[in-house]
Amino acid sequence: MQFFYWRSTFTTTDTGRWDKPNDDGRSTIVANASNARYALSITIFRISVQSSFAFFLSHSHMTTPNPAAVKAWLLDLQARIVQALEGVDGNAFLRDTWERAEGGGGVSRLIEQGNVIERGGVNFSHVRGASLPPSAMAARPELAGRAWEAMGVSLVLHPHNPYAPTVHMNVRFFEATAEGKDPVWWFGGGMDLTPYYGNKEDARHFHQVCHDALAPFGADLHPRFKRWCDDYFYIKHRKEARGVGGIFFDDFNELGFDQSYALVQAVGNGFLDAYLPILQRRKDQPYGERERDFQAYRRGRYVEFNLVWDRGTLFGLQSGGRTEAILMSMPPNVTWRYDWHPEPGSPEAQLYTDFLPHRDWLAP
């Protein structure tokens, strides 16, 4: 005996068959028995059965979280990114494994004073606990009292060359559980580019890769996540953007687990395509003390955002994460000046006039 699922044809042995659908979209069941003197004909609407059962299938297996699969992919992603960056820089990344007393741990991969990267880190963490820190419950008070786990890969790269932009990428998974209740879970992530001397070719390339990573999951996602990035990486007390943006998303589970997971994989796997061509183009571009000085000044904005506004930094510090790993995003050399402004029309001023204001980098 075969069982009907959503196909239009169905065959049983001895007892009957499903006819092919009629022209009006209906199927007829004819139940035949060898010792019966009649045939029972039952007409049903095949389309409604198909739709209902497909809905059941899509929601019965796609919304079940699989943290073990996410963790395995995150560790592989970290290894692939580090290997590629070591190939560009020519130096090995330090490996530092750590454990968290409250539960979990991580693997930090760091480089300092490399040939290309002045300071950078590609970190994996998987931490868990019995109750959430205040930063996590501020927007989701209903999670109070739930056990939780959070895992992700986060990277920040600060190249030596001022013409090579700083980059940030993060992909993460969060789950909160309580006995007798359905788990609450979501994905988050994104990537954004912070140039010191803007380049339109670089900005367009970066945004195009972000767009292409999201395109298979819905045409609305890239403009939505781009706006989210523009809004998130905005330094409110300076009234200026941190860089030229990219994509950002959080609390994302609307596609069900499987497709939401596929989306975050597309973002993480797209990072090297988005950034390595830019780094390769800019790493050997000539520069002098003027450019290094402006780079140090703009790096101050990076520090201000991360310590004042960034939710990931606050969550890491409040949840007892490893401080050295959390603060690996800080640049090595920073300068602040009182009420400084670039000379109008200078390359430094062009960053403020042509690159920091929000815009559609993919517009014709």
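Quick caveat, the model's predicted, so the values are computed rather than measured. (Residues numbered from 1 in each chain as written. Predicted model: local features only at pLDDT ≥ 70, side-chain atom pairs only at ≥ 80, totals over all residues. Heavy atoms only, no water.)

Caption draft 1: Local environment of the pairing of strand E8 (residues 147–159). Burial runs high along E8: eleven of the 13 residues are buried. Here strand E7 (residues 117–129) runs beside E8; their pairing, made up of twelve bridges, is antiparallel. Opposite Arg128, over in E8, you have Glu149 as the bridge partner. Across eleven bridges, the pairing between E8 and strand E9 (residues 166–177) is antiparallel. Each bridged residue has a counterpart across the sheet, and for Ala150 the counterpart in E9 is Phe174. Where E8 folds back on E9, the antiparallel hairpin that results is connected by six residues. (Buried < 20%, exposed > 50% of the residue type's maximum accessible area, 1.4 Å probe, protein only. Helix = DSSP H or I, 4+ residues; strand = E, 2+ residues; numbered from the N terminus. Pairing = 2+ DSSP bridges.)

Caption draft 2: Geometry of the packing of helix H8 (residues 289–308) against helix H11 (residues 347–355). Two elements in contact, H8 and H11, have axes separated by 11 Å at closest approach and are oriented at 35 degrees. For the pair H8 and H11, the contacting residues are Arg290, Phe294, Tyr297, Arg298 and Arg301 in the first and Pro347, Glu348, Leu351 and Tyr352 in the second. Looking at side-chain class alone, the contact of H8 with H11 contains five nonpolar, no polar and four charged residues. (Axes fitted to C-alpha atoms, helices over the stretch in contact; angles between N-to-C directions. Contact = heavy atoms within 4.5 Å. Nonpolar A, V, L, I, M, F, W, Y, C, P; charged D, E, K, R; others polar.)

Caption draft 3: Representation of helix H4 (residues 200–214) in the model. Given a rise of 1.5 Å per residue, 15 residues ought to cover 21 Å, and the 21 Å separating the end C-alpha atoms of H4 matches this to within 8%. Every buried residue of H4 is accounted for by Asp202, Ala203, Phe206, His207, Val209, Cys210, Ala213 and Leu214. All buried residues of H4 project into a common sector of 155 degrees when viewed along the axis, lining one side. Where H4 is buried, its residues contact E9, strand E10 (184–194), helix H5 (221–232), strand E13 (245–252), helix H6 (256–269) and helix H7 (271–282). Where H4 begins, one side-chain oxygen reaches toward the backbone nitrogen of Glu201, 2.9 Å away; that side chain belongs to Asn199. (Expected span 1.5 Å × (residues − 1). Arc of directions from axis to C-beta. Polar contact = N/O pair within 3.5 Å; in protein donor to acceptor, adjacent residues only side chain to side chain.)

Caption draft 4: Focus on the sheet that holds strand E5 (residues 94–99). If you trace the seven strands from one edge of the open sheet to the other, you get E5-E6-E7-E8-E9-E10-E13, paired in antiparallel fashion. Unpaired on one side and paired on the other, E5 and E13 mark the two borders of the sheet. Here the average twist between neighbouring strands, direction ignored, is 5 degrees. Two elements, E10 and E13, share six bridges in a ladder whose sense is antiparallel. By the bridge assignment, Leu193 is partnered in E13 with Gly245. In the packing of H8 onto the sheet, contacts are made with E7, E8, E9 and E10, and the angle to E8 comes to roughly 165 degrees.

Caption draft 5: Local environment of the packing of H4 against H5. It is the contact of H4 with H5, at a shortest axis distance of 9 Å, that shows an interaxial angle of 130 degrees. Between H4 and H5, the crossing angle belongs to the class labelled oblique. Handedness of the H4/H5 crossing: right-handed. Contacts between H4 and H5 involve His207, Cys210, His211 and Leu214 on the former and, on the latter, Leu221, His222, Phe225 and Lys226. Here the residues of the contact of H4 with H5 sort into four nonpolar, three polar and one charged. (Parallel < 35°, antiparallel > 145°, perpendicular 65-115°, else oblique. Left-handed = near helix turned anticlockwise from the far one by under 90°.)

Caption draft 6: Structural view of the pattern of salt bridges. Under the criterion given, the structure shown has 22 salt bridges. Arg100 is the partner of Glu102 in a salt bridge, and the nearest nitrogen-oxygen pair spans 3.9 Å. Notably, a salt bridge pairs Glu254 with Arg224, separated by 2.7 Å at the nearest N-O pair. Placement of the pair is Glu254 in the loop between E13 and H6 and Arg224 in helix H5, with a sequence separation of 30 residues. (Salt bridge = Lys/Arg side-chain N within 4 Å of Asp/Glu carboxyl O.)

Caption draft 7: Broad picture of the packing of aromatic side chains. Overall, the coordinates contain 25 aromatic pairs when judged by the stated rule. Between Trp228 and Phe248, the aromatic rings sit 5.8 Å apart at their centres with planes inclined by 75 degrees, giving edge-to-face as the arrangement. Residue Trp228 is located in helix H5, and its partner Phe248 is located in strand E13; the two are separated by 20 residues in the primary sequence. Connected via pairs of aromatic rings, a cluster forms that spans Phe225, Trp228, Tyr232, Phe233, Phe248, Phe249, Phe252 and Phe305. Here Arg242 stacks its cationic end above the ring of Tyr302, 4.0 Å away from the centre of that ring. (Phe/Tyr/Trp six-rings, centres within 6.5 Å; stacked < 30°, edge-to-face > 60°. Lys NZ or Arg CZ within 6 Å of the ring centre and 35° of its normal.)

Caption draft 8: The arrangement of the pairing of strand E6 (residues 104–112) in detail. Taken across its nine residues, E6 has eight buried, putting it largely inside the fold. Note that E5 and E6 share six bridges and pair antiparallel. Bridge pairing in E6 places Trp98 opposite Gly106. The antiparallel hairpin formed by E5 and E6 contains four residues in its connecting segment, where Gly103 sits at a positive phi of about 135 degrees. Pairing geometry for E6 and E7, over nine bridges, is antiparallel. Bridge pairing links Gly105 to His126 in E7. Taken together, E6 and the strand that follows it, E7, pair antiparallel across an intervening segment of four residues, in which Gln113 is found at a positive phi of about 55 degrees.

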